[in-house]
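Okay, here's what each chain looks like letter by letter:
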Amino acid sequence: QVQLVESGGGLVQPGGSLRLSCVASGSIFSIQDMGWYRQTPGKERDLVATIARSETADYAASVKGRFTISRDNAKNTVYLQMNVLEPEDTAVYYCNMDVSTAYYSLTSIYWGQGTQVTVST
């Protein structure tokens, strides 16, 4: 009973920037870890960045220094600010959240539907 919706993808030139957003809705008690993953055709889905409730963030080596993950707990939202984009960043980007639906419950992982990011001249 939880839905995640990404937005903000599109076409951008190399060196440009995009900001992705992902909003969770439904029966949400709390959200622990949030993250972003990306996938290209024929390849596995790879971790881009994660952010804990403590706001501790981790990044894949390929995006470190260029991407910034952040969260707004009041809005059940995670963001990914992407700067100095490269053609190699082209992929479908998926958000991921570890959600608890009750105070006593363990968390479950939810995925968004994905948003396309294309970096090209």
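Whatever comes next refers back to the structure up there.
On a predicted model such as this, the values are computed, not experimentally measured, just so you know.

A. The arrangement of the pattern of salt bridges in detail. Taken as a whole and judged by the stated rule, the model has 3 salt bridges. Among the charged side chains, a salt-bridge network with shared partners connects Arg38, Arg66, Glu86 and Asp89.

B. Broad picture of the packing of aromatic side chains. For the coordinates displayed, the defined rule picks out 2 aromatic pairs. Sitting over the ring of Tyr94, Arg45 keeps its end group 3.6 Å from the ring centre. Over the aromatic face of Trp111 sits the side chain of Arg45, whose NZ or CZ is 4.8 Å from the ring centroid.

C. View of the environment of Glu86. Its location among the elements puts Glu86 in the loop between strand S8 (77-82) and strand S9 (91-100). It is 24 Å that separates the C-alpha atoms of Glu86 and Arg71, two residues lying 15 residues apart in sequence. Leaving out residues up to four positions away in the same chain, Glu86 has contacts with Arg66 and Val119.

D. Structural detail: the sheet that holds S8. Within the open sheet, the 4 strands sit side by side as S1-S3-S8-S7. Their pairing is antiparallel. In this open sheet, the two strands that pair with only one neighbour each are strand S1 (2-7) and strand S7 (67-72). Direction aside, neighbouring strands of the sheet carry axes that sit 15 degrees apart on average. Where strand S3 (residues 18-26) lies against S8, 6 bridges are found, and the strand directions are antiparallel. Paired with Leu20 across the two strands is Leu80, which belongs to S8.

E. Fine view of the pairing of S1. Of the two faces of S1, only the one carrying Val2, Leu4 and Glu6 is buried; Gln3, Val5 and Ser7 on the other face are not. Here 6 bridges tie S1 to S3, and the two strands are oriented antiparallel to one another. Across the sheet, Val5 pairs through a bridge with Val23, a residue of S3.

F. Geometry of the environment of Tyr93. For Tyr93, the position within the fold is in strand S9. Residue class for Tyr93 comes out buried when judged on its relative accessible area of 0%. Measuring from C-alpha to C-alpha, the distance between Tyr93 and Gln32 comes to 20 Å, with 61 residues separating the pair along the chain. Not counting the four nearest positions on each side in its chain, Tyr93 is found in contact with Glu6, Leu20, Trp36, Tyr37, Arg38, Val48, Phe67, Leu80, Met82, Gly114, Thr115 and Val117. Polar side-chain contacts of Tyr93 include one of 2.9 Å to the side chain of Arg38. A distance of 2.7 Å separates a polar side-chain atom of Tyr93 from the backbone oxygen of Asp89.

Cut-offs used in this document
- Just so you know, the residues in each chain are numbered from 1, in the order the chain's sequence is written.
- Reporting of local features is limited, given that this is a predicted model, to residues whose pLDDT is at least 70; pairs of side-chain atoms are given and counted only at 80 or more, and all residues count toward the totals for whole chains, interfaces and linings.
- Excluding hydrogens and water, the side-chain figures rest on all heavy atoms present in the structure.
- In the sections that follow, a salt bridge refers to a side-chain nitrogen of Lys or Arg positioned within 4 Å of a carboxyl oxygen of Asp or Glu.
- Note on aromatic pairs: the rings of Phe, Tyr and Trp (six-membered ring only in Trp) are paired at centre separations within 6.5 Å, and the planes decide the class, stacked below 30 degrees, edge-to-face beyond 60, tilted for the rest.
- A ring is scored as having a charge over it whenever the NZ atom of a lysine or the CZ atom of an arginine sits within 6 Å of its centre and within 35 degrees of its normal.
- Strands here are runs of E lasting at least two residues and helices are runs of H or I lasting at least four, both read from the DSSP assignment and numbered beginning at the N terminus.
- Contacts are residue-level and defined by heavy atoms, with any inter-residue pair within 4.5 Å sufficient.
- A pair of strands is treated as paired once DSSP finds two or more bridges between them.
- Only the contacting stretch of a helix is used when fitting its axis, a line to C-alpha atoms as for every element, and angles between N-to-C directions run 0 to 180 degrees.
- Working definition: with a 1.4 Å probe on protein chains only, accessible area under 20% of the residue-type maximum means buried, over 50% means exposed, and in between means partly exposed.
- In the analysis that follows, any N or O atom pair within 3.5 Å is treated as a polar contact, provided that within protein one partner can donate a hydrogen and the other can accept it, and provided that, for residues neighboring in sequence, both atoms belong to side chains.

Nothing here speaks to function; it is geometry throughout.
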